[in-house]
Amino acid sequence: MPVAASDLPCWQETPADLPAATAAVKNAIRERIERSGRDVEAVYAAAERRVADRVAEIEDELARGQEPWPEIDYADIASGAVTPAQLTRLRQRGCLVVRGHFDRDQALAWDDSVLDYVERNRFFETYAGPGDDFFASVGSRPEIYPVYWSDAQMRARQSDRMARVQSLLNTLWKHESGGTRWFEPDRHAIYPDRIRRRPPGTDSGGLGTHLDPGTSTSG
């Protein structure tokens with residue numbers, strides 16, 4: 001039986017009839033929207049206008065030679081010198097380029113380590129998993145490797161420099177309200193992502209538009 005959570009149905013266990021449960025949630029969302037005095041079409045139209053405004057804003061920045069995403073130096077993150085204006089732009093764009101995140105020599109050493117790892121394990125000759133030949137299809141050497149636990153990956157994930165950047169990003173979320181602390185922004189869970197390596201001269205357009213939510217099994 002569904003258990004009330006706000007005014008939307010939810011279940012403590014996976015419903016036996018998933019299509020019916022999905023329909024119930026959708027209907028409840030529609031009813032909530034209608035109680036606000038709007039309808040689903042109006043909500044979609046408002047969202048589309050906001051997206052169009054952001055696209056126009058980004059196109060204007062590109063036309064003026066500006067990068068549409070924020071860039072912050074790691075040194076500023078480490079010293080606490082990131083400005084409110086930079087944080088505002090980070091919230092607006094939802095992404096960040098960190099300059100100088102790792103020393104160049106360290107990054108090159110990890111890159112060499114990754115290449116040594118895949119070559120020693122004869123990755124290109126032996127792996128034949130599904131869905132990992134996208135880049136080969138566009139004339140480029142494969143750039144995404146389903147390798148998760150190499151030494152270089154683990155050292156990067158567990159480094160203090162990575163933890164500092166993660167803490168900055170975590171604090172952008174509301175993590176405390178009404179006397180409840182919902183999560184600790186300085187406590188991190190490791191996400192075992194795959195390796196993506198795009199060598200100089202790569203002519204691939206990269207991955208197409210896609211969703212990679214935490215509920216998916218892809219890296």
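Structural notes, computed from the coordinates. Computed from a prediction, not measured in an experiment: that's the story for all the values here. (Residues numbered from 1 in each chain as written. Predicted model: local features only at pLDDT ≥ 70, side-chain atom pairs only at ≥ 80, totals over all residues. Heavy atoms only, no water.)

### Remarks on the packing of aromatic side chains
Applying the stated criterion across every chain, the model contains one aromatic pair. A cation sits over an aromatic face here: arginine 157 above tryptophan 149, 5.4 Å from the ring centre. (Phe/Tyr/Trp six-rings, centres within 6.5 Å; stacked < 30°, edge-to-face > 60°. Lys NZ or Arg CZ within 6 Å of the ring centre and 35° of its normal.)

### Considering the layout of surface pockets
Counted as a void, the second largest pocket has a volume near 220 Å³. Lining the second largest pocket, in full, are Leu90, Arg91, Gly94, Cys95, Leu96, Leu169, Asn170, Leu172 and Trp173. Secondary-structure elements contributing two or more residues to the lining of the second largest pocket are α4 (84–93) and α9 (160–170). When the residues that make up the lining of the second largest pocket are grouped by side-chain class, the tally is six nonpolar, two polar and one charged. (1 Å grid on protein atoms, 1.4 Å probe; cavity = no way out; pocket = protein on both sides within 12 Å on 5 of 7 lines; lining within 4 Å. Points joined across faces, edges and corners; volume = space filled by probe spheres on them. Helix = DSSP H or I, 4+ residues; strand = E, 2+ residues; numbered from the N terminus. Nonpolar A, V, L, I, M, F, W, Y, C, P; charged D, E, K, R; others polar.)

### As for the nonpolar core
Soluble globular proteins tend to pack their nonpolar side chains together in the buried interior. Core analysis: the biggest nonpolar cluster contains 10 residues, these being Phe102, Trp110, Val114, Val118, Phe123, Tyr145, Val147, Ala152, Ala156 and Ile195. Counting residues per element, the ones that place at least two in this core are α5 (104–120) and α8 (151–157). Element by element, the count of residues in this core is highest for α5, at three residues. The residues touching alanine 152, leaving out its near neighbours within four places in the chain, are Trp110, Ser113 and Val114. (Core = buried A, V, L, I, M, F, W, Y, C linked by side-chain atoms within 4.5 Å. Buried < 20%, exposed > 50% of the residue type's maximum accessible area, 1.4 Å probe, protein only. Contact = heavy atoms within 4.5 Å.)

### Regarding the pattern of salt bridges
In the structure shown here, the tally under the stated rule is 10 salt bridges. The residue arginine 93 makes a salt bridge to glutamate 61 at a minimum N-O spacing of 2.9 Å. One end of the pair, arginine 93, is in helix α4; the other, glutamate 61, is in helix α2 (residues 40–63), with 32 residues separating them in the sequence. In terms of burial, arginine 93 and glutamate 61 fall into one category: buried. When the shortest N-O distance is used, the salt bridge between glutamate 71 and arginine 99 registers 3.2 Å. A residue pair is termed long-range when its members are at least 10 positions apart, and glutamate 71 in strand β3 (residues 71–73) and arginine 99 in strand β4 (residues 97–99) qualify at 28 residues. The partly exposed category is assigned to glutamate 71, whose relative accessible area is 34%. One connected set of salt bridges, linked through shared partners, spans Arg54, Glu57, Glu61, Arg89 and Arg93. (Salt bridge = Lys/Arg side-chain N within 4 Å of Asp/Glu carboxyl O.)

### Some details on unusual backbone geometry
Although it is not a glycine, arginine 122 sits at a positive phi angle of roughly 50°. Mapped onto the fold, arginine 122 is located in the loop between α5 and α6 (123–126).

### Some remarks on the environment of isoleucine 77
Along the chain, isoleucine 77 falls in helix α3 (residues 74–79). Along the chain, isoleucine 77 and arginine 161 lie 84 residues apart, while their C-alpha atoms are 9.4 Å from each other. Non-local contacts of isoleucine 77, meaning those with residues more than four positions away in its chain, are made with Ile72, Val82, Val98, Arg164, Val165 and Leu168.

Keep in mind these values describe shape, not function.
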